[in-house]
Amino acid sequence: MNMTRREFLKSAALLAALAPFARLRAQDAPAGDAPEKPRTAGSLTRRTLAGESVSLLGFGCMRLPRGENGKIDRALANRLWSRYVEAGGNYFDTAYMYHDGESEAALGEFLSKRPRSSYFLVDKMPVWMARTEDGVKRVFEEQLERTKAEYFDFYLMHALGRGNWELAQRIRALEFLLEKKKEGRIRHLGFSFHDEPEAMDPILEAYDWELAMIQLNYQDWTRYRSKEQYEKLVAKGIDVAVMEPLRGGALARLNDSAKAVLRQADPDASPASWAFRWVASLPAVKVVNSGMGRESDLEDNLRTFSPLRELDDAERGAIAAALAAFQRTQAVPCTACRYCMPCPVGVSIPEIFALWNAYKAEGNKRRFVSGYGNLPDEARAASCVRCMRCTKHCPQQIAIPDELAKIAAEYDALKAEA
Ligand code: SF4
Ligand code: SF4
């Protein structure tokens, strides 16, 4: 691996930052949870989540394939889900807001044709959309109807953090969900989380949660303080579900120099497989959700998890070196989650950040200028009126209007050069 001294020192520092992960592997697995073997050769590895045997690869339904009309391409989604089930997959994660409700409906249509005990369905309560006690009831009933599920195997309070937790308390959302648990409409109750680790403390004190979903990947381990969130959950004996293992796809794309580092370590492994193996090697991680919108991505993931091979120390070193190379060019830490959308004036926030990050990674000015130039005027960064609506919803705490202003200025400069 050819690295300058500066690059070596940077990757050594990152390796040190990632080192606690190696220690956590051995010491912090909750008692009585011995690693399970795959059911049969070639099938997906399983782990025990809140007492249930779930496939370690979960199917995240936030970024399903879309047809030309912008709606979910149901034929393709059904093919992907069928293939996942055939490979031993049994964990489906959706939410009220994904695809404006269509994710729940499309998934419900697919799953309702299967025996109810053959899969695990995860759904979530978005308190910021429910807003009132009545709203919580309405959303929950709507979810049951959309998914045709009769009950949810796992149900999470969605995107908790300081603001949403305060609101959840005001509208007595936990009390309502506990009633639903008693009635058998929810089998296991947890939460998903987006905030600083300190904001998790009162949530952990409020209830004996059975699982929690956090943003976890090798870049966010220290950058987003995911390590501290993970450790808090481990200390409480709470099983961990993972979201954003690829950081909105960024760790699958990386940049050329980071990809070269990983190729040198294993010419046949995709960047995505490295990221999945990193996160799945953490012992409290019981399920890793991946949004698989293409057959090629699904097949690559099935290979990675059938069965999962945990990382060794040399492989961890390769990831640290790749991360050092990647962080030199990553511009805006957007995961394309779209929580900031819609913008009231029509700015295409995630699309702009994707174009910008690709330009910073690849250095291809022409592609950036042409891709950005194809956006309608109202969708461009210059249209932002700094109303700050989007920043309140961004789980990555990106200063969106400031980033947009930078991008607008650089686009103007690049166009003037051309
Ligand atoms: S701050 Fe700008 S980008 Fe964000 S919602 Fe307002 S106008 Fe849209
Ligand atoms: S800017 Fe923030 S909220 Fe919007 S898509 Fe990116 S990460 Fe998500």
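Below, the structure is looked at part by part. (Residues numbered from 1 in each chain as written. Chains lettered and ligands numbered in written order. Predicted model: local features only at pLDDT ≥ 70, side-chain atom pairs only at ≥ 80, totals over all residues.)

Some words on the overall build of the protein chain
Now for step 1: Along the protein chain, the regular secondary structure elements total 19 helices and 10 strands.
Now for step 2: In the protein chain, buried positions account for 42% of the 418 residues.
Now for step 3: In the protein chain, the share of contacts with a sequence separation of at least 24, taken over all contacts with a separation of at least 6, comes to 77%. (Helix = DSSP H or I, 4+ residues; strand = E, 2+ residues; numbered from the N terminus. Buried ≥ 20, exposed ≤ 12 C-beta atoms within 10 Å, placed from the backbone. Contact = placed C-beta atoms within 7 Å.)

What about helix α6 (residues 162–170)?
Now for step 1: Among all positions in α6, only Asn164, Trp165 and Ala168 are buried. Each buried residue of α6 sits inside an arc of 100 degrees when the element is viewed along its axis, so together they form one side.
Now for step 2: Where α6 is buried, its residues contact α4 (127–130), β6 (152–160), α7 (173–182) and α8 (201–206).
Now for step 3: Positive backbone phi, approximately 55 degrees, marks Arg172, located one or two places after α6. (Arc of directions from axis to C-beta.)

Side note on the nonpolar core
Now for step 1: Core analysis: the largest hydrophobic core is formed by 98 residues, its most contacted members being Phe92, Val242, Val279 and Ala322.
Now for step 2: Considering each element in turn, this core owes the most residues, nine residues, to helix α15 (residues 313–327).
Now for step 3: Setting aside anything within four residues of it in sequence, one finds Phe92 in contact with Phe59, Cys61, Leu107, Leu111, Tyr119, Phe120, Leu121 and Val122.
Now for step 4: Membership of the second largest hydrophobic core comes to 19 residues, among which are Ile349, Leu355, Phe368 and Tyr372. (Core = buried A, V, L, I, M, F, W, Y, C linked by C-beta atoms within 7 Å.)

Focus: the site of ligand 1
Now for step 1: By nearness alone, 15 residues border ligand 1, and Cys343, Val347, Cys384, Cys387 and Cys390 come closest of all.
Now for step 2: Of all the elements, helix α19 (residues 400–417) adds the most residues to the shell around ligand 1, at three residues.
Now for step 3: Classifying every residue of the shell around ligand 1 gives 13 nonpolar, no polar and two charged. (Near = placed C-beta within 6 Å. Nonpolar A, V, L, I, M, F, W, Y, C, P; charged D, E, K, R; others polar.)

Here we look at the site of ligand 2
Now for step 1: Taken together, the neighbourhood of ligand 2 is formed by 15 residues, with Cys334, Cys337, Cys340, Pro350 and Cys394 sitting nearest.
Now for step 2: Looking at the shell around ligand 2 residue by residue, the class counts come to 11 nonpolar, three polar and one charged.

Some thoughts on the environment of Asp100
Now for step 1: Here Asp100 lies in the loop between β4 (91–93) and α3 (102–111).
Now for step 2: Separated by 38 residues in sequence, Asp100 and Met62 have C-alpha atoms that sit 9.9 Å apart.

With respect to the sheet that holds β6
Now for step 1: With respect to topology, eight strands assemble into a closed barrel ordered β3-β4-β5-β6-β7-β8-β9-β10, the strand pairing being parallel. Across this sheet, the average inter-strand angle for adjacent strands is 30 degrees, counted without regard to direction.
Now for step 2: Here strand β8 (residues 211–215) pairs with strand β9 (residues 239–243) via five bridges, running parallel. Residue pairing for β9: Ala212 is matched across the bridge by Val240.
Now for step 3: Lying on the sheet, α7 is in contact with β5 (120–125), β6 and β7 (186–193); it crosses β7 at an angle near 150 degrees.
Now for step 4: Contacting β7, β8 and β9, helix α10 (residues 226–236) crosses the sheet at an angle of about 170 degrees to β8. (Pairing = 2+ DSSP bridges. Axes fitted to C-alpha atoms, helices over the stretch in contact; angles between N-to-C directions.)

A short note on unusual backbone geometry
Now for step 1: The omega torsion across Ser306 and Pro307 is -10 degrees, close enough to zero to call that bond cis.
Now for step 2: Checked against the element boundaries, Pro307 lands in the loop between α14 (295–304) and α15.
Now for step 3: Here the phi dihedral of Ala50 falls at roughly 50 degrees; this positive angle occurs in a residue that is not glycine.
Now for step 4: Tracing the backbone shows Ala50 in the loop between β1 (46–49) and β2 (52–55).
Now for step 5: Assessed through the 19 C-beta atoms surrounding it within 10 Å, Ala50 is described here as partly exposed.
Now for step 6: Unusually for a residue other than glycine, His99 sits at a positive phi of about 50 degrees.
Now for step 7: Relative to the helices and strands, His99 resides in the loop between β4 and α3.
Now for step 8: Exposure remark for His99: the 22 C-beta atoms within 10 Å place this residue in the buried category.

Brief notes about α19
Now for step 1: Counted at 1.5 Å a residue, the expected span for α19 with its 18 residues is 26 Å, and the 26 Å between its end C-alpha atoms agrees.
Now for step 2: Turning to α19, its buried residues number three or more, namely Ile400, Glu403, Leu404, Ile407 and Tyr411. The arc that holds every buried residue of α19, seen down its axis, measures 95 degrees, which confines them to one face. Exposed side of α19, more than 90 degrees from the buried face: Asp402, Ala409, Asp412, Ala413, Ala416 and Glu417 are the residues found there. (Expected span 1.5 Å × (residues − 1).)

A word on the packing of helix α12 (residues 256–265) against α15
Now for step 1: Running from amino to carboxyl end, α12 crosses α15 at an angle of 165 degrees, the nearest separation of the two axes being 7 Å. When the axis of α12 is compared with that of α15, the two are roughly antiparallel. The way α12 lies across α15 gives a crossing that is right-handed. Within the contact between the two elements, α12 uses Ser257, Ala258, Val261, Leu262 and Ala265 and α15 uses Glu315, Ala318, Ala321, Ala322, Ala325 and Phe326. (Parallel < 35°, antiparallel > 145°, perpendicular 65-115°, else oblique. Left-handed = near helix turned anticlockwise from the far one by under 90°.)

Thoughts on the packing of helix α17 (residues 365–373) against α19
Now for step 1: For the pair α17 and α19, the least separation of the axes is 10 Å and the interaxial angle reads 115 degrees. With respect to α19, the axis of α17 lies roughly perpendicular. Here α17 runs over α19; the crossing is left-handed. Only Tyr411, Leu414 and Lys415 of α19 make contact with α17, whose side of the interface consists of Lys365, Val369 and Tyr372.
Now for step 2: Of the residues in the contact of α17 with α19, the class split is four nonpolar, no polar and two charged.

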